Amino acid sequence: MITIKHLSKRYINPDGTVFEVLKDVNCEIGSGEVISIIGPSGTGKSTFLRAINLLDPPTGGEILFDGENILAKGYPLNRLRQKMGMVFQSFNLFEHLSILDNVTFAPMKLRHLSRQEAEEESMAMLRKVGMAEKANAMPSDLSGGQKQRVAIARCLAMHPEVILFDEPTSALDPTMVGEVLSVLRQLAAEGMTMLIVTHEMKFARDVSTRIFFMNEGIIYEDGTPQQIFENPVHSATKAFVQRIRKAVFEVDGPDYDMLSVRSQMDAFCNKYHIASKNETISSIVDLVTTKVMSTAYPFTLRLTYSELSDITALDVMKENIETSPLQTDGVDRQVVETLRSMCKEVVEESTTRGFRVKFVL
Ligand code: ADP
Ligand code: MG
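Note that the structure is a prediction, hence the values are computed from the model and not measured. Numbers given to residues run from 1 along each chain, matching the order in which its sequence is written. For this description, chains carry letters from A and ligands carry numbers from 1, given in the order in which they are written. In keeping with the model being predicted, local features are shown solely for residues with a pLDDT of at least 70 and side-chain atom pairs are shown and tallied solely at 80 or more, while totals for entire chains, interfaces and linings include all residues. Note that the side-chain values use all heavy atoms of the structure and ignore hydrogens as well as water.

A. Region of interest: the environment of proline 57. Numbering of helices and strands runs from the N terminus, with a helix taken as a DSSP run of H or I at least four residues long and a strand as a DSSP run of E at least two residues long. Inspection of the secondary structure puts proline 57 in the loop between helix H1 (45-52) and strand E4 (60-65). Think of it in three bands: residues with accessible area under 20% of the maximum for their type are buried, residues over 50% are exposed, and the middle band is partly exposed, with areas taken using a 1.4 Å probe on protein chains only. A relative accessible area of 42% places proline 57 in the partly exposed class. In this structure the C-alpha to C-alpha distance between proline 57 and glycine 191, which are 134 residues apart in sequence, comes to 28 Å.

The following block contains the structure:
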């Protein structure tokens, strides 16, 4: 469907130096493929999507779409706009139009449908994303997740051949990510061709036919989810997919700001969709600070989450000790048993600087 050859995009900095965001991007995208584009921020993922749909035309290279060179002079932009939809992080709905009018707008203007035809079709699209009930509402009446579903319906109403998504869930409250991802899963199952820039690794792994790992302005590695996540060729890919999310808290004494630590841990769990672990984490922190480490200040709490293996752990670390705080005299055996019963595993290990107890959740 789409062939991209030697695509490049340069910006001239104010001081006259050249900044090459896209260096030499090459790929083929077949009909029905669902491609997730992952990679560190600032590596040109958004620039790549904006170049493909000519929002920000590339400075070099070729893009063939259904065999036509869309960079050729005179290629009708309207045709591209109709065949290629785009969904942004920030929804971009027309705030002064109702939900239904947001969806009928382009089909009436670009596909020249009558209002009645456009409304019938748009209602069907809104139904598909679960938003038919809100047809007469205004965008300001909707939550972020609802707005994004409307933005997807608006795209679908053009009957595009392919839809580009630029971090469609990044601006959403964590509780609303799921409803948008399930619409994307449904579209994927129906065979819609999609290119999705995303940080949702589990989603990318489940729904994609292929993954592009973008790094340093090129598609650094391209493969099936299994290849990219389990057997990456390049070390940069491996480091990216295996990265571990961390939040670290120093506990200096009994008067540490417990509420702040709790709320930051809560935010961490929400962000990585492990809210179900939050209560257990809270209880462990409580027992550890009041019953195990109550005379062992200062110490460090570290919450870690590996997206790839989906493992959450709470580490309790103390410098300059050689035995496990769980084995210390004066620590109630019953408390230790309770802690063990709350985890999948408790790893006690000495480190170069001291000792670490890892509660694996
Ligand atoms: P990503 O989406 O992977 O985070 P972007 O494509 O947004 O990355 O940006 C890649 C790089 O290009 C960034 O360093 C950004 O500052 C730069 N960039 C993006 N747009 C422009 C622009 N209009 N002018 C100059 N530099 C830009
Ligand atoms: Mg981006």
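Now that the structure has been shown, we can carry on.
B. Just the pairing of strand E6 (residues 84-87), in detail. The alternating pattern of E6 places Met84 and Met86 and Gly85 and Val87 on opposite faces, both of which are buried. At least two bridges found by DSSP between two strands is the condition for calling them paired. Taken together, the four bridges between E6 and strand E7 (residues 162-166) define a ladder with parallel strand orientation. Each bridged residue has a counterpart across the sheet, and for methionine 86 the counterpart in E7 is leucine 164.

C. Summary view of helix H3 (residues 99-110). Taken together, the buried positions of H3 are occupied by Ile99, Leu100, Asn102, Val103, Thr104, Ala106 and Pro107. Working rule for contacts: check all heavy atoms of both residues, and any pair within 4.5 Å makes them a contact. Buried-residue contacts for H3 involve helix H4 (115-128) and helix H5 (144-156). Positive phi appears at histidine 112, one or two residues downstream of H3, with a value of about 55 degrees.

D. Representation of the pattern of salt bridges. Salt bridge, as used here, is a side-chain nitrogen of Lys or Arg placed within 4 Å of a carboxyl oxygen of Asp or Glu. For the coordinates displayed, the defined rule picks out 23 salt bridges. Across the salt bridge formed by lysine 358 and aspartate 315, the nearest N and O atoms sit 3.1 Å from each other. You can see lysine 358 sitting in strand E15 (residues 354-360) and its partner aspartate 315 sitting in strand E13 (residues 311-319), a full 43 residues away along the chain. Aspartate 315 shares its class with lysine 358; the two are buried. In the salt-bridge network here, residues are joined through shared partners; they are Lys9, Arg50 and Asp56.

E. Structural view of the environment of serine 324. Of note, serine 324 is situated in the loop between E13 and helix H12 (333-341). Between the C-alpha atoms of serine 324 and glutamate 349, which are 25 residues apart in sequence, the distance is 7.4 Å. Pairs of N or O atoms within 3.5 Å make up the polar contacts considered here, provided that, within protein, one atom can donate a hydrogen while the other can accept it, and that residues adjacent in sequence are counted only when both atoms are side-chain atoms. One polar contact links serine 324 to glutamate 348, side chain to side chain, over a distance of 2.6 Å.

F. View of the site of ligand 1. Here a residue counts as near a molecule or strand whenever at least one of its heavy atoms sits within 4 Å of it. The immediate surroundings of ligand 1 are formed by Tyr11, Phe19, Val21, Pro40, Ser41, Gly42, Thr43, Gly44, Lys45, Ser46 and Thr47. Tyrosine 11 places a side-chain nitrogen or oxygen 3.2 Å from a nitrogen atom of ligand 1. Measuring from an oxygen atom of ligand 1, one finds a backbone N or O atom of threonine 43 at 3.2 Å. Burial of ligand 1 by the protein amounts to 60% of the accessible area it has alone, namely 570 Å². At three residues, the largest contribution of residues to the shell around ligand 1 is made by H1. Residue exposure ignores everything except the shown protein chains as possible cover, and the areas themselves are Shrake-Rupley values with a 1.4 Å probe.

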